[in-house]
Amino acid sequence: MALRRRRPALDFRTFYATQSTYSDPGALASRYTGLPRDPARLARITRDLIVHRLEAGFYDHVHPTDRLHNDAETRYIDDILRILVDRNDATLTRRRDVGDRFVGTCRDFSLLHCSFLRHLGIPARTRSGFADYFSENSSDRFHSDHVVTEYWHDDRGWLLADSQLTDPVIADHWNIDFDPMDVPRDRFLVAGEAWQAIRAGAADPAAFGLHPPEEGPFSGERFVAGNIRLDLAALNKFETLLWDVWSEDEGKPGEPLPESSRLFYDRVAPVVSGKVSFDAVRKLFAEDDILRTPPTVTCYAPFNGPSQVTLRH
């Protein structure tokens, strides 16, 4: 009997240095011609192509309603690029006026930066978690729902980068005192680490979310658990919208999780925390029907309301 050859193990650098369905520029890849290889310069290019939905006031600008409502519903980088090129056909390395930029969220900044890096063969992935540097009160910091890029440095391993902070206007407003290309791990907690801190009694669950609990229900354990799911998906290169939901535990935002769900995420959180094992995140995502992103998700678009969306394969 002939022996079956084992497939060689997939190297994590190869996996994260190639585009996902979400980050692939597709037919617009030619627009990446001339991009610099420096991750910091790529982060600034990203910053100059996108403006956050909540940043209009920083630039004395008013987002047109249709862009405010619809731009950030764009899941795929090739579609984001089409919007950018339609508004201004200049090379991507040319800084756009705010009125010509894509009106997105932290996920869009991070995914475009990730796309640039992967195009150049630099391993990169997006990470979902919570940043404490968007808080006005330094003595009682709220940890805001956020997405950053994690990229591979040959000498130092994985580093966190926040391209939103590469504009001095934004960095100065939030009193950023660190290099946006090397975000300290205690200033941005990936979702699994936030969960572990909460469960250990070292952090208040109400201090993690989209906004403080007095402003609405999107904070606490249930919200952090949702971010764990998004982070695991992104580690498997399913960089969905932040409001794409699947296999959710029943219950309204802000309601406590049942104990069975807490125990479930106690098991999942360590897999997406610390020095992440590539094999472990791949195995968990492939084998768990609750965690794995299905072909169709429910999109709870902030302005446009819920809908069923079939994802690209």
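All figures in this text were calculated on a predicted structure; none of them were measured in a lab.

Asker: In this structure, what is going on with the overall build of the chain? I would like to understand it.
Answerer: Across its full length, the chain carries ten helices and ten strands. Computed over the C-alpha atoms, the radius of gyration of the chain is 19 Å, within 12% of the 20 Å expected from 2.2 N^0.38 for a compact globule of 313 residues. Principal-axis analysis of the C-alpha atoms gives the chain an extent of 65 × 50 × 40 Å. Taking the intrachain contacts of the chain between residues at least 6 apart in sequence as the baseline, contacts between residues at least 24 apart amount to 70%. Summing over all exposed atoms, the chain offers an accessible surface of approximately 14,800 Å²; the carbon and sulfur share of this is 51%.

Asker: Just checking my understanding: could you explain the packing of helix H8 (residues 221-235) against helix H10 (residues 278-287) for this structure?
Answerer: In helix packing, the relevant descriptors are the interaxial angle and the interaxial distance, both defined with respect to the helix axes. Between H8 and H10, the shortest axis-to-axis distance is 9 Å and the interhelical angle comes to 110°. As the angle between them shows, H8 and H10 are arranged roughly perpendicular. As for how H8 packs across H10, the hand of that crossing is left-handed. Contact residues: H8 offers Leu-232, Ala-233 and Leu-235, while H10 offers Val-281, Leu-284 and Phe-285. Along the lines of polarity and charge, the residues of the contact of H8 with H10 split into six nonpolar, no polar and no charged.

Asker: Can you help me understand the sheet that holds strand E10 (residues 305-310) in this one?
Answerer: Paired through backbone hydrogen bonds, the strands of a sheet run either parallel or antiparallel to each other. Spatially, the three strands line up as an open sheet ordered E8-E9-E10, and their pairing is antiparallel. Each edge of the sheet is formed by a strand with only one pairing partner; in this case those strands are strand E8 (244-245) and E10. Where E8 meets strand E9 (residues 296-301), two bridges bridge the pair, whose relative direction is antiparallel. Across the sheet, residue Val-245 finds its bridge partner in E9, namely Thr-298.

Asker: Help me out: how do you make sense of unusual backbone geometry in this one?
Answerer: For residues besides glycine, phi is generally negative; the peptide bonds are generally trans as well. Of note, Asp-60 is a non-glycine position whose phi angle comes to about 50°, a positive value. The exposure class assigned to Asp-60 is exposed, which follows from its relative accessible area of 76%. The backbone of Asn-175 sits at a positive phi, close to 55°, despite the residue not being glycine. Relative to the helices and strands, Asn-175 is located in the loop between helix H6 (168-173) and strand E6 (188-190). Among the residues examined, Asn-175 registers a relative accessible area of 63% and is labelled exposed.

Asker: Mind showing me how you'd approach the environment of Phe-178 here?
Answerer: With respect to the element layout, Phe-178 can be found in the loop between H6 and E6. Along the primary structure Phe-178 and Asp-231 are separated by 53 residues, whereas in three dimensions their C-alpha atoms are 24 Å apart. Beyond its immediate sequence surroundings of up to four residues, Phe-178 is in contact with Tyr-133, Leu-165, Val-183, Pro-184 and Arg-187.

Asker: What is the right way to look at the packing of aromatic side chains in this model?
Answerer: For any pair of aromatic rings, the description consists of the separation of the ring centres together with the inter-plane angle of the planes. On inspection of all chains with the given rule, the structure shows 18 aromatic pairs. One aromatic cluster in this structure is built from Phe-12, Phe-15, Tyr-16, Trp-152, Trp-158 and Phe-278. One residue, Arg-312, lies across the ring of Tyr-76, its end atom 4.0 Å from the ring centre.

Asker: Would you take a moment to explain the packing of H8 against helix H9 (residues 259-268) for this structure?
Answerer: Contact pair H8 / H9: the axes reach a minimum separation of 11 Å and the direction vectors enclose 40°. The angle between H8 and H9 places the two elements in the oblique class. Crossing of H8 over H9 shows left-handed handedness. For the pair H8 and H9, the contacting residues are Glu-221, Ala-225, Ile-228 and Arg-229 in the first and Arg-262, Tyr-265 and Val-268 in the second. Along the lines of polarity and charge, the residues of the contact of H8 with H9 split into four nonpolar, no polar and three charged.

Asker: I tried to follow the pattern of salt bridges on my own but got confused; where do I start?
Answerer: Between side chains of opposite charge, pairing is possible as soon as their charged atoms come close. If you walk through the whole model with that rule in mind, you get 28 salt bridges. A salt bridge links Asp-244 to Arg-75; the shortest N-O distance between them is 2.8 Å. Of this pair, Asp-244 sits in strand E8 while Arg-75 is found in the loop between helix H3 (65-70) and helix H4 (77-87), placing the two residues 169 residues apart along the sequence. Residue class for Asp-244 comes out buried when judged on its relative accessible area of 3%. The class for Arg-75 is buried, based on a relative accessible area of 8%. One salt bridge in this structure joins Lys-283 and Glu-287, with 3.0 Å as the shortest N-O distance. Taken together, the positions of Lys-283 and Glu-287, both in helix H10 and four residues apart, correspond to about one turn of that helix. For Glu-287, a relative accessible area of 55% gives the class exposed. Look at the salt bridges and you will find they share partners, linking Arg-125, Arg-127, Glu-150, Arg-185 and Asp-231 into a network.

Rules of the game
- Residues numbered from 1 in each chain as written.
- Predicted model: local features only at pLDDT ≥ 70, side-chain atom pairs only at ≥ 80, totals over all residues.
- Heavy atoms only, no water.
- Helix = DSSP H or I, 4+ residues; strand = E, 2+ residues; numbered from the N terminus.
- Rg over C-alpha atoms; globule rule 2.2 N^0.38 Å.
- Contact = heavy atoms within 4.5 Å.
- Areas by Shrake-Rupley, 256 points an atom, 1.4 Å probe, with all protein chains shown as cover.
- Axes fitted to C-alpha atoms, helices over the stretch in contact; angles between N-to-C directions.
- Parallel < 35°, antiparallel > 145°, perpendicular 65-115°, else oblique.
- Left-handed = near helix turned anticlockwise from the far one by under 90°.
- Nonpolar A, V, L, I, M, F, W, Y, C, P; charged D, E, K, R; others polar.
- Pairing = 2+ DSSP bridges.
- Buried < 20%, exposed > 50% of the residue type's maximum accessible area, 1.4 Å probe, protein only.
- Phe/Tyr/Trp six-rings, centres within 6.5 Å; stacked < 30°, edge-to-face > 60°.
- Lys NZ or Arg CZ within 6 Å of the ring centre and 35° of its normal.
- Salt bridge = Lys/Arg side-chain N within 4 Å of Asp/Glu carboxyl O.

Honestly, that's just the spatial picture; any functional story needs more than this.
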